[in-house]
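# Per-entry structural report
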Amino acid sequence: MIEIVETDAGCARITWRRAEDPRLVLAVSHGAGGGVEARDLQALARVLPAHGVTVALVEQPWRVAGRKVAPAPKTLDTGWRGIWPALTGMELPVISGGRSAGARVACRTAAELGAHAVLALSFPLHPPGRPEKSRAAELLGAGVPTLVVQGGNDPFGRPEEFPEGPYRLVEVPYGDHGFAVPKRAEITQERALEIVAEGVVEWIASLG
């Protein structure tokens, strides 16, 4: 089911993948360079409903409007705030999530929106080649239980670069920023996505 939601940043679009007997909602948004067709978001949308989690794939207003470049972080946060009432309408706990820029949005807004937890897929710890431009404060400031799922070869931050903090981290071996793995890798692309989904399923079960 597709739902259009008006926000102060424009119209957002939610594609729902509903669980039969949901106990949680996971809302995930895309990054600055792609949409909800991202392989990891689609993998979660396929797997999680069978585990009692309704998945809401959220397209930010700039993407719905057909623009190629994401707006400033403040505008992304405005769009995310605007879709929140649609996510909480089932009166279930909502996990706020996203990939890359969407993960940053989820971290920045989690506490104010009352998110149950945060799922950060491919958190962009720093721009490629610029480790001094750290965004760790956003991740560490989420204020709720947080899971980071990170590719082992992500140029925006490899797992070993992440600081210690109150979050859990799952590594996808060989994965890049989009969790793509090279053909020479010891795991297949299918297995990489299974690691993403399995890590999220296990973490959600631990939330209680």
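## Some remarks on the overall build of the protein chain
Within the protein chain, the regular secondary structure consists of six helices and eight strands. Starting at the N terminus and ending at the C terminus, the protein chain contains elements arranged as β-β-β-α-β-α-α-β-α-β-α-β-β-α. Taken over the C-alpha trace, the protein chain has a radius of gyration of 16 Å; the compact-globule value for 208 residues is 17 Å, and the two agree within 12%. Once the C-alpha set of the protein chain is aligned to its principal axes, its extents read approximately 40 × 35 × 30 Å. The proportion of buried residues among the 208 residues of the protein chain is 51%. In the protein chain, of all internal contacts separated by at least 6 residues, the share reaching a separation of at least 24 is 62%. A total of about 9,300 Å² of accessible surface is found on the protein chain, and carbon and sulfur atoms cover 51% of it.

## Looking at the packing of aromatic side chains
All chains considered together, the criterion is met by two aromatic pairs. Measuring from centroid to centroid gives 6.4 Å for Trp80 and Trp84, while their planes differ by 55 degrees, and the two rings are tilted. With Trp80 and Trp84 both in helix H3 (residues 73-87) and four residues apart, this pair spans about one turn of that helix. With respect to class, Trp80 is no different from Trp84; both count as buried. With centroids separated by 6.5 Å and ring planes inclined at 65 degrees, the aromatic side chains of Phe123 and Phe162 adopt a geometry described as edge-to-face. With Phe123 in the loop between strand S6 (117-121) and helix H5 (136-140) and Phe162 in the loop between strand S7 (146-151) and strand S8 (168-172), this residue pair connects regions lying 39 residues apart in the sequence. When the ring centre of Trp16 is taken as reference, the NZ or CZ atom of Arg18 above it lies at 4.5 Å.

## Concerning the sheet that holds strand S4 (residues 53-59)
Read from one edge of the open sheet, eight strands run S1-S2-S4-S3-S5-S6-S7-S8, paired in mixed fashion. At either end of the open sheet lies a strand with only one pairing partner, and these are strand S1 (2-7) and S8. Sheet twist, expressed as the mean angle between neighbouring strand axes with direction ignored, is 20 degrees. Of the strands in this sheet, strand S2 (10-17), strand S3 (24-29), S4, strand S5 (94-99) and S6 touch helix H1 (residues 39-47), which is tilted by about 150 degrees from S4.

## Remarks on empty space enclosed by the protein
One pass over the full model with this rule turns up one cavity of 30 Å³ or more. Taken as a whole, the largest cavity encloses approximately 50 Å³ of empty space. Lining the largest cavity are Ser29, His30, Gly31, Ala32, Gln60, Trp62, Ala70, Leu76, Ala101, Gly102 and Val105. For the lining of the largest cavity, the element with the most residues is helix H4 (residues 101-113), which contributes three residues. Its residues assigned to classes, the lining of the largest cavity shows six nonpolar, five polar and no charged.

## Describing helix H6 (residues 189-206)
The end-to-end C-alpha distance of H6, which contains 18 residues, comes to 26 Å, matching closely the 26 Å that a straight helix rising 1.5 Å per residue would cover. When we look at burial in H6, the residues that qualify are Ala192, Leu193, Ile195, Val196, Ala197, Gly199, Val200, Trp203 and Ile204.

## Looking at the nonpolar core
Across soluble globular proteins, you tend to see nonpolar side chains buried next to one another. If you look at the biggest cluster of nonpolar residues, it comprises 34 residues, and the most contacted ones within it are Ile14, Trp80, Ile83, Leu87 and Phe123. Among the secondary structure elements, those contributing two or more residues to this core are S2, S3, S4, H3, H4, S6 and H5. Broken down by element, this core gets its largest block of residues, seven residues, from H4. In contact with Leu87, not counting residues within four places along its chain, are Ile14, Trp16, Val25, Ala27, Ala56 and Val94. Listed in part, the 31 residues of the second largest apolar core include Val170, Phe179, Ala197 and Ile204.

The rules behind these values
- Residues numbered from 1 in each chain as written.
- Predicted model: local features only at pLDDT ≥ 70, side-chain atom pairs only at ≥ 80, totals over all residues.
- Heavy atoms only, no water.
- Helix = DSSP H or I, 4+ residues; strand = E, 2+ residues; numbered from the N terminus.
- Rg over C-alpha atoms; globule rule 2.2 N^0.38 Å.
- Buried < 20%, exposed > 50% of the residue type's maximum accessible area, 1.4 Å probe, protein only.
- Contact = heavy atoms within 4.5 Å.
- Areas by Shrake-Rupley, 256 points an atom, 1.4 Å probe, with all protein chains shown as cover.
- Phe/Tyr/Trp six-rings, centres within 6.5 Å; stacked < 30°, edge-to-face > 60°.
- Lys NZ or Arg CZ within 6 Å of the ring centre and 35° of its normal.
- Pairing = 2+ DSSP bridges.
- Axes fitted to C-alpha atoms, helices over the stretch in contact; angles between N-to-C directions.
- 1 Å grid on protein atoms, 1.4 Å probe; cavity = no way out; pocket = protein on both sides within 12 Å on 5 of 7 lines; lining within 4 Å.
- Points joined across faces, edges and corners; volume = space filled by probe spheres on them.
- Nonpolar A, V, L, I, M, F, W, Y, C, P; charged D, E, K, R; others polar.
- Expected span 1.5 Å × (residues − 1).
- Core = buried A, V, L, I, M, F, W, Y, C linked by side-chain atoms within 4.5 Å.

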